Amino acid sequence: MICLFGTYQTTLLKDIHVPAKYIGIILAALEIIQGKASTKANSYNEKHKNKTLTYMGIRMSVGIAIAGGVVVIGLSRIPQLSIIIFTYVLRMTDRGVFQILKKKYLGNFMTPDILTKVYSANSMCCSMFRMIVGAVGSFLLTFMTIEYAMVTAGILFAIIMLILSLCIKTKIGLKPEEYTEKDVAYMQ
């Protein structure tokens, strides 16, 4: 989802005729924002507890739908660009926090022996998921413009995030002793 939205964000800026030099400046500023946000990952996680990743996923999804939506409804240039950049700032903030928390959560309850295997499995799963999401994103662009694809993908991923959060609600935020033997067997 993060990679697809990154591709879509640059394409949208090109499609609304933002000059290449300004796109470069915007993207550089967004990378700096992502770096600063990563330093706040722990405080953000403490604030939202076990809902952090859900909030970030939904906010990223809704933000990308809004960015596409402001182009669809045809706002004038300055408000349109302001809203788009604001949604991109939120996305990059969440992305910075996510990268830190992902490593933290993957390492929870793991021994050093199994941690490498967990990182490898995560890498493989993420790559397969990126491939599927990229294919869906490309498919959307075969019959709709970028702004409509952003709205569609944003809504689709927000729904998926909500469904996933409801399905795993009983497993999020548990203390080590609250996991069942079956859950822990995979971690040893």
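Residues numbered from 1 in each chain as written. Predicted model: local features only at pLDDT ≥ 70, side-chain atom pairs only at ≥ 80, totals over all residues. Heavy atoms only, no water.

Caption draft 1: Geometry of the overall build of the protein chain. Secondary structure assignment for the protein chain yields 8 helices and 0 strands. Seen in sequence order, the protein chain has helices and strands lined up from the N terminus as α-α-α-α-α-α-α-α. Taken over 188 residues, the protein chain has a buried fraction of 34%. Within the protein chain, counting contacts between residues at least 6 apart in sequence, those at least 24 apart form 78% of the total. As displayed, the protein chain offers around 11200 Å² of accessible surface, 69% of which is attributable to carbon and sulfur atoms. (Helix = DSSP H or I, 4+ residues; strand = E, 2+ residues; numbered from the N terminus. Buried < 20%, exposed > 50% of the residue type's maximum accessible area, 1.4 Å probe, protein only. Contact = heavy atoms within 4.5 Å. Areas by Shrake-Rupley, 256 points an atom, 1.4 Å probe, with all protein chains shown as cover.)

Caption draft 2: Quick look at the packing of helix α3 (residues 41–48) against helix α5 (residues 77–107). Running from amino to carboxyl end, α3 crosses α5 at an angle of 80°, the nearest separation of the two axes being 9 Å. Taken together, the axis directions place α3 and α5 in an arrangement best described as roughly perpendicular. The segment α3 lies against α5, with Ala41, Asn42, Tyr44 and Asn45 engaging Asp94, Val97, Ile100, Leu101, Lys104 and Tyr105. In terms of residue class, the contact of α3 with α5 is made up of 6 nonpolar, 2 polar and 2 charged. (Axes fitted to C-alpha atoms, helices over the stretch in contact; angles between N-to-C directions. Parallel < 35°, antiparallel > 145°, perpendicular 65-115°, else oblique. Nonpolar A, V, L, I, M, F, W, Y, C, P; charged D, E, K, R; others polar.)

Caption draft 3: Representation of the packing of helix α1 (residues 2–15) against helix α6 (residues 112–143). Packing of α1 against α6 leaves a shortest axis separation of 9 Å and a crossing angle of 35°. On the side of α1, the interface is formed by Cys3, Leu4 and Tyr8, while α6 contributes Arg130, Val133, Gly137, Leu140 and Leu141. Here the residues of the contact of α1 with α6 sort into 6 nonpolar, 1 polar and 1 charged.

Caption draft 4: Region of the structure containing the confidence of the model for the protein chain. Confidence in the prediction for the protein chain averages 86 pLDDT; 89% of positions are at 70 or higher. Within the protein chain, helix α2 (residues 20–38) carries the highest mean pLDDT (94), whereas helix α8 (residues 181–185) carries the lowest (62). (pLDDT = per-residue confidence, 0-100.)

Caption draft 5: How the structure looks around a nonpolar patch on the surface. On the surface, Val62, Ile66, Val72, Ile73, Leu75, Ile83 and Tyr148 cluster together into a nonpolar patch covering about 550 Å² of accessible area. Considering each element in turn, the nonpolar patch owes the most residues, 3 residues, to helix α4 (residues 52–72). Topologically, leucine 75 is positioned in the loop between α4 and α5. The class for leucine 75 is partly exposed, based on a relative accessible area of 31%. (Patch = residues over 30% accessible without salt bridge, like charges linked within 9 Å, V, L, I, M, F, W, Y side chains within 5 Å. Salt bridge = Lys/Arg side-chain N within 4 Å of Asp/Glu carboxyl O.)

Caption draft 6: Quick peek at the side chain of threonine 52. Checked against the element boundaries, threonine 52 lands in helix α4. Within the local environment of threonine 52, its side chain forms a polar contact with the side chain of asparagine 45, the two groups lying 2.9 Å apart. (Polar contact = N/O pair within 3.5 Å; in protein donor to acceptor, adjacent residues only side chain to side chain.)

Caption draft 7: Highlighting the pattern of salt bridges. This structure, assessed with the given rule, holds 1 salt bridge. Between arginine 59 and aspartate 94 there is a salt bridge, with its nearest N and O atoms 2.4 Å apart. You can see arginine 59 sitting in helix α4 and its partner aspartate 94 sitting in helix α5, a full 35 residues away along the chain. Take arginine 59: its relative accessible area is 31%, and that puts it in the partly exposed class.

Caption draft 8: Expanded view of the nonpolar core. Ranked by size, the top nonpolar core spans 28 residues in total, and within it Tyr8, Leu12, Leu13, Ile16, Ile84, Tyr88 and Met150 carry the most contacts. Contributions of two or more residues to this core are made by α1, α2, α4, α5, α6 and α7 (146–167). Element by element, the count of residues in this core is highest for α1, at 6 residues. When residues no more than four places from it in sequence are discounted, the contact partners of leucine 12 are Ala67, Val71, Ile84, Tyr88, Ile146, Glu147 and Met150. Membership of the second largest hydrophobic core comes to 6 residues, among which are Ala37, Ala41, Tyr44 and Leu101. (Core = buried A, V, L, I, M, F, W, Y, C linked by side-chain atoms within 4.5 Å.)

Caption draft 9: Quick look at α4. Between its terminal C-alpha atoms α4 stretches 30 Å, which fits the 30 Å expected from 21 residues at 1.5 Å a residue. Following α4 by one or two positions, glycine 74 has its phi on the positive side, about 80°. (Expected span 1.5 Å × (residues − 1).)

Caption draft 10: Spatial organisation of unusual backbone geometry. For histidine 17, which is not glycine, the phi torsion reads 65° and is therefore positive. Position of histidine 17 relative to the elements: it lies in the loop between α1 and α2.

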